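# Breakdown of the fold
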Amino acid sequence: MTGRVVVLTGGVGGAKLVLGLAQILSAEKITAIVNTGDDFQHFGLHISPDIDTLLYTLSGRANIAQGWGREGESWSFMSALRSLAAEDWFQLGDGDLALHVLRSHALAQGHALSNVTAGFAAAWNLQTHILPMSDQPVSTILTTNEGELGFQDYFVRLRCAPKVNAIRFQGAGTAKPAPGVLDAILDARTAAILIAPSNPFLSIDPILAVPGIAAALSAASAPVIAVSPIIGGQAVKGPTAKLMRERGLAVTPAAIAAHYAGVINGLLIDWRDAPCDPQCPFATADTLMVSLADRARVAKAALDLAARLGAK
Ligand code: GDP
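Structural notes, computed from the coordinates. Everything numeric in this text was worked out from a predicted model, so none of it was measured. (Residues numbered from 1 in each chain as written. Predicted model: local features only at pLDDT ≥ 70, side-chain atom pairs only at ≥ 80, totals over all residues. Heavy atoms only, no water.)

## A short note on the overall build of the chain
- Across its full length, the chain holds 12 helices and 14 strands.
- The globule rule puts the C-alpha radius of gyration for 312 residues at 20 Å, and the 19 Å found for the chain is close to it.
- By its C-alpha atoms, the chain is 60 × 40 × 40 Å across when sized along the principal axes.
- Burial status across the chain gives 53% buried among its 312 residues. (Helix = DSSP H or I, 4+ residues; strand = E, 2+ residues; numbered from the N terminus. Rg over C-alpha atoms; globule rule 2.2 N^0.38 Å. Buried < 20%, exposed > 50% of the residue type's maximum accessible area, 1.4 Å probe, protein only.)

Right, dumping it as structure tokens:
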């Protein structure tokens, strides 16, 4: 493929696909639009977990075995915190902390999140364009059987145990797409727009909730292809399947296709799952991404489906 590719993504699951794309395309042709609904303030620091996951993954700094954080991380700050009897439910490694401190400092001086993110990417020589969905704060809030919870309270502190009744994206109504987001989607050189196999409810819906992004996806000439996060009737990790069951949905690619109806033009599903409604064009592949070659294979399968469907 000679065109550019835009990918909407959350953290770990999505970063796998973006890394796969970077194996088969030159990095400067890839624009990742990243969920910031998980962003939060902790000890006065601004933490952007999904952006950092992308930065660590693409720069080879991610701890792949652990599934989050940095490779070779040290933990002096956490030990010092514990010695002071401070809350320790959110792990902050020493290297990770450097990003949070620099980001918080830059934001306090009036810099935009998109500029700070571009600065980190440039420092690590990353050519992939990593854009937050918005420079304005958007917070994912879950209404659960244990009351209203912020995303990190639900995801990290309570390990996704509460039953979720509703999810809202506070601030999304007045947020604007970050600079470059709409241009990348609408760029005539963009040949494919991918929705990574990220959590549809917690990672992709916040991006689609920023006014203007869903409309740009419909107006784009490039086809929009989602990669199903479901493999063999289960999520690979995280609460996607649990959230689907709590909504009364079957844990199937067909339910993913229905969730994205009106947004996507095609869905890449795993060969272990039953084919979905023929109304949503789909392709089948082994979508489990364990190795780097797997990541490249899934990225190629998604781009092949986009090429098969062609411009809208
Ligand atoms: P988080 O922000 O770190 O929770 O990660 P994401 O929202 O980006 O991704 C979580 C989703 O990725 C889960 O629903 C997983 O099922 C999905 N996922 C993770 N690894 C894979 C994989 O190898 N293949 C597919 N198809 N989905 C995956």
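## With respect to unusual backbone geometry
- One non-glycine residue, A85, lies in positive phi territory at about 60°.
- By the element assignment, A85 lies in the loop between α3 (76–83) and α4 (94–108).
- By relative accessible area, A85 is classed as exposed at 72%.
- Of note in the backbone geometry, N125 takes a positive phi value of approximately 60° without being a glycine.

## Overview of the packing of aromatic side chains
- The tally for this structure, following the rule as stated, stands at six aromatic pairs.
- Aromatic pair Y56 and W124: ring centres 6.0 Å apart, planes at 40°, arrangement tilted. One end of the pair, Y56, is in helix α2 (residues 49–58); the other, W124, is in the loop between α5 (113–123) and β5 (129–132), and 68 residues separate them in sequence.
- For Y56, a relative accessible area of 3% corresponds to the buried category.
- The interplanar angle of 80° and the centroid separation of 6.0 Å between the aromatic rings of W89 and F90 together place this pair among those described as edge-to-face.
- The class of W89 is partly exposed, set by a relative accessible area of 23%.
- Ring pairs connect the aromatic residues F40, W89 and F90, which therefore count as one cluster.
- Against the face of W124 rests R61, its NZ or CZ located 3.9 Å from the ring centre. (Phe/Tyr/Trp six-rings, centres within 6.5 Å; stacked < 30°, edge-to-face > 60°. Lys NZ or Arg CZ within 6 Å of the ring centre and 35° of its normal.)

## Focus: the environment of A106
- Positionally, A106 belongs in helix α4.
- In the structure, A106 is positioned 10 residues away from V116 in sequence and 6.9 Å away in space, judged by C-alpha atoms.
- When neighbours within four sequence positions are excluded, A106 is seen to be in contact with H111 and V116. (Contact = heavy atoms within 4.5 Å.)

## Quick word on the site of the ligand
- Close to the ligand lie 22 residues; P197, S198, S203, T240 and M289 are nearest.
- Contact between the ligand and P229: an oxygen atom at 2.7 Å from a main-chain N or O atom of the residue.
- Of all the elements, helix α1 (residues 12–24) adds the most residues to the shell around the ligand, at four residues.
- In the shell around the ligand, the residues fall into nine nonpolar, 10 polar and three charged. (Near = heavy atom within 4 Å. Polar contact = N/O pair within 3.5 Å; in protein donor to acceptor, adjacent residues only side chain to side chain. Nonpolar A, V, L, I, M, F, W, Y, C, P; charged D, E, K, R; others polar.)

## Side note on the sheet that holds strand β6 (residues 139–144)
- Spatially, the three strands line up as an open sheet ordered β7-β6-β8, and their pairing is antiparallel. The strands lining the two open edges of the sheet, one partner per strand, are β7 (147–150) and β8 (164–170). Strand after strand, the sheet turns through a mean of 25° between neighbouring axes, direction not considered.
- Taken together, the four bridges between β6 and β7 define a ladder with antiparallel strand orientation. Directly across from T144, in β7, lies its bridge partner G147.
- Docked against the sheet, helix α8 (residues 200–209) engages β6 and β8, running at close to 40° with respect to β8. (Pairing = 2+ DSSP bridges. Axes fitted to C-alpha atoms, helices over the stretch in contact; angles between N-to-C directions.)

## Thoughts on the nonpolar core
- Of all hydrophobic cores here, the largest spans 51 residues; its most connected members are L8, I185, I193, I195, I264 and L267.
- Looking at this core, the element that brings in the most residues is α8, giving five residues.
- With residues up to four places along the chain from it excluded, the contact list for L267 reads A226, V227, S228, P253, I256, A257, C276, C280, P281, F282, A283 and L305.
- Among the nonpolar cores identified, the runner-up in size contains 41 residues, and A15, L58, A106 and A285 belong to it. (Core = buried A, V, L, I, M, F, W, Y, C linked by side-chain atoms within 4.5 Å.)

## What to know about α2
- With 10 of its 10 residues buried, α2 lies for the most part within the structure.
- For α2, the complete set of buried residues consists of P49, D50, I51, D52, T53, L54, L55, Y56, T57 and L58.
- G60 sits one or two positions beyond α2 and adopts a positive phi of about 75°.

Everything listed is a geometric property; what it means functionally is a separate question.
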